[in-house]
Amino acid sequence: MMTQRGAVGSVVLTAVALTAGAGVVAAAPAPAKAAASVSHGKVTDNLYMSLGDFEDAVSGENPKIKAMIDRSDIGGVQVVVPWKALEGKKGEYKWSRLDNALKYLQERHKKLFVQVQDRFFDVAMKDANIPQYVKDEGGVAPTIDENPDNPTTHGAMAAQWNKDVRADFQAMLKAMARKFDGKLAGVNLPETAVEVDTKTDRTKYTSKSYIDAEIDNMRYGKKVFTKTQFIQYINFLPDDDDHKRMKEMFDLARAKKIGIGGPDTLPDRKYQMENSYKFLHEYKNALPLVAMAVQEPDINAKDPKTGKPFTRERFTDFAHDYLGARQMFWTTEADWLQKPAT
């Protein structure tokens, strides 16, 4: 079963945002008793990068990215942090790198968002940035990305459907919340579009158990992060052609005031418009926050309206007007970031 994630290409996650009008797709079920309308103010632009890239920038090794962080039109940084960078041995957590990133940004009156990464695309299982003890206990599953626009790639993810793996992951989230709740601007879990390679999997994966685990982590993250906005990225779900499970996730987000976002902003792109985008559009006034990323594959994608790459304005208008986004996370490769701030 192909999830068609991104429909542009695999996201690079090694260590680790639109105008409406094209929505010629079936509308998502309207939220019953919509919550008090959320005000969609101006979009705040932030940089998107791995923790390693951030550290290279602030150390002076990459002065170009360091200068981007200091731009007056940049509100902060979203760093993608792998589970392994936060926990070595079981229960032994490491916060110094996040402490350093937070201190650096706070001194510059910038905000820090953290994406906690437990899945990795285009990487061998043995190299996935998941704690070694989880690997030793058989808690890693092989994934495959059969994207229609790119060659097939293989990756790996933590087997969250295994209750012991999920308990360990949630213990790390709880410890992280004790340390950083109220200090970080946001914490998000990564995209839901994964496809486990069932031909080689040994973790007893099923699409139902996977989605159940995503929902459980989503609930738990909101439970422990009571001051910092907790966000779940949603794009596609396996074996959810009727979108009942996706609606379940959006209903939960509305009820529990969980932010929703996505790893790709692709205005009017067919696969997205038929999946999470229609839900984001319908639920945007009932969600506490919508946060969207613009990653490397997105800036090279062609706008179906023009046949040319999307412009910054097209990304931002669609994200704000159609999806309700108030935070956007931009790849440092975006063309407008190569020019002086206006």
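Residues numbered from 1 in each chain as written. Predicted model: local features only at pLDDT ≥ 70, side-chain atom pairs only at ≥ 80, totals over all residues. Heavy atoms only, no water.

S.K.: Describe the pairing of strand 11 (residues 327-331), and please don't skip the residues or the numbers.
M.R.: Within strand 11, 5 of the 5 residues are buried, which leaves the element mostly enclosed by the surrounding structure. Where strand 1 (residues 44-50) meets strand 11, 5 bridges bridge the pair, whose relative direction is parallel. By the bridge assignment for strand 11, leucine 47 is matched with tryptophan 330. Pairing between strand 10 (residues 290-294) and strand 11: 4 bridges, direction parallel. Bridging from a neighbouring strand, alanine 291 pairs with glutamine 327 of strand 11. (Buried < 20%, exposed > 50% of the residue type's maximum accessible area, 1.4 Å probe, protein only. Helix = DSSP H or I, 4+ residues; strand = E, 2+ residues; numbered from the N terminus. Pairing = 2+ DSSP bridges.)

S.K.: Break down the nonpolar core for me, citing the residues and quoting the values.
M.R.: Residues Phe54, Trp83, Val114, Val116, Met176, Phe250 and Leu280 are the most contacted members of the largest nonpolar core, which totals 93 residues. Looking at this core element by element, the count peaks at 8 residues for helix 6 (residues 163-180). The contacts of phenylalanine 250, once residues within four sequence positions are left out, are Ile234, Ile260, Ser276, Phe279, Leu280, Tyr283 and Leu287. Phe113, Leu289, Ala293 and Phe329 belong to the second-largest nonpolar core, a separate cluster that totals 9 residues. (Core = buried A, V, L, I, M, F, W, Y, C linked by side-chain atoms within 4.5 Å. Contact = heavy atoms within 4.5 Å.)

S.K.: Go over the sheet that holds strand 5 (residues 140-145), please, and point to the residues and values.
M.R.: Ordered by their spatial adjacency, 3 strands build an open sheet running 4-6-5, and the pairing between neighbours is antiparallel. Only two strands of the sheet have a single neighbouring strand rather than two, namely strand 4 (119-120) and strand 5. Two strands pair when backbone bridges link them, and strand 5 and strand 6 (residues 153-158) are joined in this way by 6 bridges, in the antiparallel orientation. Bridging across to strand 6, threonine 143 finds its partner in glycine 155.

S.K.: Mind laying out the pattern of salt bridges, listing which residues take part and the relevant values?
M.R.: All chains considered together, the criterion is met by 21 salt bridges. Close ionic contact of arginine 119 with aspartate 118 constitutes a salt bridge, the shortest N to O distance being 2.7 Å. We note that arginine 119, like aspartate 118, is buried. Between aspartate 251 and lysine 247 there is a salt bridge, with the nearest N and O atoms lying 2.7 Å from each other. Separated by 4 residues within a single helix, aspartate 251 and lysine 247 lie in helix 8 (residues 244-256), roughly one turn from each other. A single network of salt bridges, built from pairs that share partners, joins Asp70, Lys103, Glu107 and Arg108. (Salt bridge = Lys/Arg side-chain N within 4 Å of Asp/Glu carboxyl O.)

S.K.: Residues and numbers for the pairing of strand 3 (residues 111-117), please.
M.R.: Buried residues dominate strand 3, accounting for 6 of its 7 residues. Pairing of strand 2 (residues 76-82) with strand 3 involves 7 bridges; the strand directions are parallel. Each residue of the ladder has a partner; that of valine 77, found in strand 3, is leucine 112.

S.K.: With reference to specific residues and values, describe the environment of threonine 311.
M.R.: Secondary-structure assignment places threonine 311 in the loop between helix 11 (296-300) and helix 12 (312-322). Once the C-alpha coordinates of threonine 311 and tryptophan 336 are considered, the two residues, 25 residues apart in sequence, prove to be 9.2 Å apart.

S.K.: Describe in detail the environment of arginine 178, supporting the description with residues and values.
M.R.: One can find arginine 178 in helix 6. Put simply, arginine 178 and valine 224 are 46 residues apart on the chain and 8.0 Å apart in space, counted from C-alpha to C-alpha.

S.K.: Got a sec to walk through the packing of aromatic side chains? Specific residues and values, please.
M.R.: A complete count under the given rule lists 17 aromatic pairs for this structure. Measuring from ring centre to ring centre gives 5.1 Å for tryptophan 161 and tyrosine 205, while their planes differ by 75°; the resulting arrangement is edge-to-face. Residue tryptophan 161 is located in the loop between strand 6 and helix 6, and its partner tyrosine 205 is located in the loop between strand 7 (186-189) and helix 7 (207-224); the two are separated by 44 residues in the primary sequence. For tyrosine 205, a relative accessible area of 15% gives the class buried. Here phenylalanine 310 and phenylalanine 315 contribute two aromatic rings whose centre-to-centre distance is 5.2 Å and whose plane-to-plane angle is 45°, an arrangement assigned as tilted. Phenylalanine 315 carries the same exposure label as phenylalanine 310, and that label is buried. Following the ring pairs from residue to residue traces out a cluster consisting of Phe310, Phe315, Trp330 and Trp336. The aromatic ring of tyrosine 104 is capped on one face by arginine 108, whose charged end is 3.6 Å from the ring centroid. (Phe/Tyr/Trp six-rings, centres within 6.5 Å; stacked < 30°, edge-to-face > 60°. Lys NZ or Arg CZ within 6 Å of the ring centre and 35° of its normal.)

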